[in-house]
Amino acid sequence: QVQLVESGGGLVEPGGSLRLSCAASTLTLSNYFMGWFRQAPGKERAFVASLWWNGVTKTYADSVKGRFTISRDNAKNTVYLQMNILKPEDTAVYYCAATRTYSTSWSEYQYWGQGTQVTVSS
């Protein structure tokens, strides 16, 4: 069974950085589009970034473009989300997800991790 496990969340001050990790098991990253989503309290899960199966093409939400970077390490079967210049509005639970078909909609992703909390506050 596919398992995605996120880690790396925490409490940071505005302007700080965090790197989230998504370790995948029973799933080859080159066969999937990998995505990062986030969900703030009372809001629907929102797209953050995706890395296409080819490991090259990347897509970002406008709100994080230029600050966040998605990448992967095939040897470790792990996807990363480097988050820089964090803002309070970035506060959310961040989820790693996988889908066979490209999409920026959470409803199109088949596999999900349990999420990791990111809180940006002073």
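Below you will find a few notes about this structure. Predicted model only: the values in this text are computed from it and were never measured.

Looking now at the overall build of the protein. Looking only at helices and strands, the protein features 0 helices and 11 strands. Principal-axis analysis of the C-alpha atoms gives the protein an extent of 40 × 30 × 25 Å. The buried share of the protein, taken over its 122 residues, is 42%. Of the side-chain charges in the protein, 11 are positive and 8 negative, and the distance between the mean point of each set is 6 Å.

Before going further, it helps to examine the sheet that holds strand 3 (residues 18-25). If you walk across this open sheet you meet the 4 strands as 1-3-8-7, and the pairing is antiparallel. A single partner strand is all that each edge strand has here, and the edge strands are strand 1 (3-7) and strand 7 (68-73). Going across the sheet, the axis of each strand differs from the next one's by a mean of 15°, ignoring polarity. Sheet topology places strand 3 next to strand 8 (residues 78-83); 6 bridges connect them, and they run antiparallel. Within strand 8, the position partnered with Ala-23 by the bridge is Thr-78.

A few words on the state of the cysteines. For the coordinates displayed, the defined rule picks out 1 disulfide. Here Cys-22 pairs with Cys-96 through a disulfide, and the sulfurs are 2.0 Å apart. With the S-S dihedral at roughly -75°, the linkage between Cys-22 and Cys-96 falls on the left-handed side. In this pair, Cys-22 is assigned in strand 3 and Cys-96 in strand 9 (residues 92-99), connecting sequence segments 74 residues apart.

Rules and cut-offs
- Residues numbered from 1 in each chain as written.
- Predicted model: local features only at pLDDT ≥ 70, side-chain atom pairs only at ≥ 80, totals over all residues.
- Heavy atoms only, no water.
- Helix = DSSP H or I, 4+ residues; strand = E, 2+ residues; numbered from the N terminus.
- Buried < 20%, exposed > 50% of the residue type's maximum accessible area, 1.4 Å probe, protein only.
- Lys, Arg positive; Asp, Glu negative; His and termini not counted.
- Charge placed at Lys NZ, Arg CZ, Asp CG, Glu CD.
- Pairing = 2+ DSSP bridges.
- Axes fitted to C-alpha atoms, helices over the stretch in contact; angles between N-to-C directions.
- Disulfide = S-S within 2.5 Å.

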